[in-house]
Amino acid sequence: MGVHRIWHHGLVPVEGKRPLDALRSRLITRQRQHDDYTVTDLGSSDDGGSRRCDLKFAWPDRDGRYSVQVLLSLCYHAGADRVAWLLAAACTRPWRSCHEAPAHRIGLEELGASGSDEIPIDGPVLSMHGWSREECERVADLLAEALVAPWRTSAVLVLTEPPAAPIEGWPGLVNVFDVDDRFRRTLNGHLPLGCAVPLGARLFVPPCDELPDFVESALPVSEQALEGALTRFIQTRGRTPLPEEWAEVPSVRAWYAADPFAPPEREPDAGLTDKLDRAERELAEARGVIAILRKKAKSGADERDRAAREVKALRGRIEELSAVDVACLQEQLARLQEALDDYARAFDEMEAERDELRRANGLLAGTLTRYHDAGTEVADAERPPDDFPSFADLIGAAAATLEYLEITAESAPTAILDHHPKAAAWRRKAWDALRTLDAYARARRSLLDAGQDPGPELSDVLAFARTGQPGSLISANIIALAESDTVTTNERLRQARTFRVDPRTNPAGRDYFGAHIALERFKSPAPRLHFLDDTDRTGTVYVGYLGAHLPTSKTN
């Protein structure tokens, strides 16, 4: 007795959280309802991130002339939205198109399955008569793409003039499209030369079967010719190798290579086998449930112990706090606040004295190189520092007297500082900072104009102040030549520090001012003076901002 095989494959939509179990249950339930074939559950297996299960079906034809054996293998990859299936069938007689398709017999199309070309197999004949132009164009484009795809493994029969007897096709292996002449012409517009559909019929054979397409242009279409072409294709499929993704599956390879009609060496009791399989599945499920319950019990015990430890610690803390004399703590806090205020006042006084000493030191530094003017310099040092009634007066005086500075700062942020109690101290420090910038620019430009190297002492404002150059009236500790990387790389914060400049400095008329001097280092509003050193090009130092501390990633 010979064995005649076929195969075809495709996809099934996922059902629920355990799709393989759901599909297996539906197929077994359907067999119980029809009872004209048998089904055997061959079990399942896990392979890494995928899970497989196999079902075996068997039946004789209605007249008892031949028998059919079918292996349906299902594979689900974790996270996928569809289940892959392979149907391999064997028959004791050569397959013919008039035989009932195995996919139809076992109800595979009832699961919403589609072939490898993703054409549904639940409608063996699809009529396309009277469709709108938009529908024809859309479906013709999709169908043409499937027809020329090298991975297509199912045949497509396109009929423009159906034969007298209806051709139903084979679900999953041969799809039939009954089209009118308008759809035929639309489809031919999407197909390459040599693949056009004539007035009549064309059977598009999959590339893997290596058969020429059947083309019939004679009208009416011969029913016998169509049946013969379909039968040749079905019988050729038995000699076509399995798809690559299924050929190495052990259960599929073993079943396809063996004789499924050979009697087993020892036929086990079907009832006992079913009971044993069911008992093994139930035992495996019970073990899984026990493992989950054990994990939950251990997790619950750990959580209970952790909560008990926290409660014990909280109770101890409450007892400690209850023993504290609140009135005593409040009295200590008041004394500490008074001490803090005293330290703050002393700190402000020391800062004022320090600023005056630094200013005198800067003025006296010039006498070391210009000793003939020592009397004038000492007199300047002994004279009290300049005082201005407002920041606007300070900026006006700086613009009028400090010729190497270009002040582009807006007046609004500066005016806000006038209302602060420490405004007078900030104005003195700002005036010293502006004079230091002007002295630095003057000294650097004089050397550059003379063609001399300014040297490391005049490399920048920070070096100018750190080395105590003549005219340096502020501490190097309050000078920063750049902002942090967080500010520099943040476009919003960088724009907040971009101010007006002369087009000779930047053709855009604006530039980034990262360098700054701290008039108050820590306490809010911590005013800052932002400047841009352009002595190498225009001989100028720009002052672009004087006001409260600009926003940072921590403040905004």
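Note: the structure precedes this text.
Below, the structure is looked at part by part.

Parameters at a glance
Residues numbered from 1 in each chain as written. Predicted model: local features only at pLDDT ≥ 70, side-chain atom pairs only at ≥ 80, totals over all residues. Heavy atoms only, no water. Helix = DSSP H or I, 4+ residues; strand = E, 2+ residues; numbered from the N terminus. Buried < 20%, exposed > 50% of the residue type's maximum accessible area, 1.4 Å probe, protein only. Contact = heavy atoms within 4.5 Å. Areas by Shrake-Rupley, 256 points an atom, 1.4 Å probe, with all protein chains shown as cover. Core = buried A, V, L, I, M, F, W, Y, C linked by side-chain atoms within 4.5 Å. Pairing = 2+ DSSP bridges. Axes fitted to C-alpha atoms, helices over the stretch in contact; angles between N-to-C directions. Polar contact = N/O pair within 3.5 Å; in protein donor to acceptor, adjacent residues only side chain to side chain. Salt bridge = Lys/Arg side-chain N within 4 Å of Asp/Glu carboxyl O. Phe/Tyr/Trp six-rings, centres within 6.5 Å; stacked < 30°, edge-to-face > 60°. Disulfide = S-S within 2.5 Å. Arc of directions from axis to C-beta.

## Focus on the overall build of the protein chain
Looking only at helices and strands, the protein chain has 16 helices and 18 strands in total. When burial is assessed residue by residue, the protein chain has 42% of its 556 residues classed as buried. Contacts in the protein chain between residues at least 24 apart in sequence constitute 63% of all its contacts with a sequence separation of at least 6. Total accessible area on the protein chain is roughly 30900 Å²; 54% of this is exposed by carbon and sulfur atoms.

## Section: the nonpolar core
In this structure, Phe57 and Leu108 are the most contacted members of the largest nonpolar core, which totals 49 residues. By size, the runner-up hydrophobic cluster in this structure holds 35 residues, among which are Ala441, Ala476, Phe531 and Val543.

## Some words on the sheet that holds strand β3 (residues 50-60)
Ordered by their spatial adjacency, six strands build an open sheet running β2-β3-β4-β5-β1-β6, and the pairing between neighbours is antiparallel. At either end of the open sheet lies a strand with only one pairing partner, and these are β2 (38-47) and β6 (114-115). When β2 meets β3, the two strands line up antiparallel, connected through eight bridges. Residue valine 39 lies in a different strand from β3, and its bridge partner there is phenylalanine 57. The strands touched by helix α7 (residues 250-257) within the sheet are β1 (4-13), β3, β4 (67-77) and β5 (82-91), with β4 carrying the most contacts at an inclination of about 165°.

## Considering the sheet that holds strand β8 (residues 155-159)
The sheet built from five strands is open, its strands ordered β7-β9-β8-β10-β11 with mixed pairing. The sheet is open, and its two borders are formed by β7 (125-128) and β11 (214-216), each paired with just one other strand. Mean inter-strand twist for the sheet, computed between neighbouring axes without regard to direction, equals 15°. As paired strands, β7 and strand β9 (residues 174-179) are joined by four bridges and run parallel to one another. Considered in β9, the bridge of methionine 128 is made with valine 179.

## Here's the deal with the side chain of arginine 105
As for its placement among the helices and strands, arginine 105 is situated in helix α2 (residues 102-105). Polar contacts involving the side chain of arginine 105 include one to the main-chain carbonyl oxygen of aspartate 36, which spans 3.0 Å. Those residues in contact with arginine 105, other than ones at most four positions away along the chain, are Arg30, Asp36, Tyr37, Trp59, Pro60 and Glu100.

## Brief notes about the pattern of salt bridges
Scanning the entire structure with this criterion turns up 30 salt bridges. For arginine 105, the salt bridge is made with aspartate 36, and the minimal N-O distance between the two is 3.4 Å. Remark: aspartate 36 occurs in the loop between α1 (19-34) and β2 and arginine 105 occurs in helix α2; sequence separation between them is 69 residues. Here arginine 444 and aspartate 536 are joined by a salt bridge, their closest N and O atoms 2.7 Å apart. Taken together, the residues span a long stretch of sequence, with arginine 444 in helix α13 (residues 423-449) and aspartate 536 in the loop between β17 (528-534) and β18 (540-547) at a distance of 92 residues. A relative accessible area of 9% means that arginine 444 is categorised as buried. One salt-bridge network, in which partners are shared between bridges, spans Arg18, Asp21, Arg24, Asp41, Asp46, Arg51 and Arg281.

## So, the packing of aromatic side chains
Taken as a whole and judged by the stated rule, the model has seven aromatic pairs. A centroid spacing of 6.0 Å and a plane angle of 55° characterise the contact between tyrosine 37 and phenylalanine 57, whose relative ring orientation is tilted. Within this pair, whereas tyrosine 37 is found in the loop between α1 and β2, its partner phenylalanine 57 is found in strand β3, the two being separated by 20 residues in sequence. A relative accessible area of 3% means that tyrosine 37 is categorised as buried. On the accessibility criterion, phenylalanine 57 (0% relative accessible area) is buried. Among the aromatic residues, those joined into a cluster by ring pairs are Tyr37, Phe57 and Trp59.

## Things to note about the state of the cysteines
A full pass over the atoms with the stated rule returns zero disulfides. Its sulfur unpaired, cysteine 53 is 9.3 Å from the next cysteine sulfur, which belongs to cysteine 75. Taking relative accessible area as the criterion, cysteine 53 reaches 2% and is therefore assigned buried.

## Concerning unusual backbone geometry
Here the bond from leucine 219 into proline 220 is cis, since omega is 0°, no more than 30 degrees from zero. Tracing the chain through its elements places proline 220 in the loop between β11 and α5 (223-237). Look at the link from serine 524 to proline 525: it is a cis peptide, with omega at 10°. Residue aspartate 35 is not a glycine yet carries a positive backbone phi of 60°. In this structure, aspartate 35 sits in the loop between α1 and β2. Its relative accessible area of 60% is what places aspartate 35 among the exposed residues.

## Remarks on the side chain of threonine 160
Looking at the element boundaries, threonine 160 is found in the loop between β8 and β9. Those residues in contact with threonine 160 that sit more than four places away from it in its chain are Val179, Arg184, Val197, Pro198, Leu199 and Gly200.

## Things to note about α7
In an α-helix, one turn spans 3.6 residues; hence positions three or four apart end up facing the same way. Within the span of α7, buried status applies to Val252, Trp255 and Tyr256. Along the axis of α7, the buried residues cluster in a sector spanning 95°; they form a single face. Counted as exposed and oriented over 90 degrees from the buried face of α7: Pro250 and Ala257. Elements in contact with the buried residues of α7: β1, β3, β4, β5, α5 and α6 (244-247).

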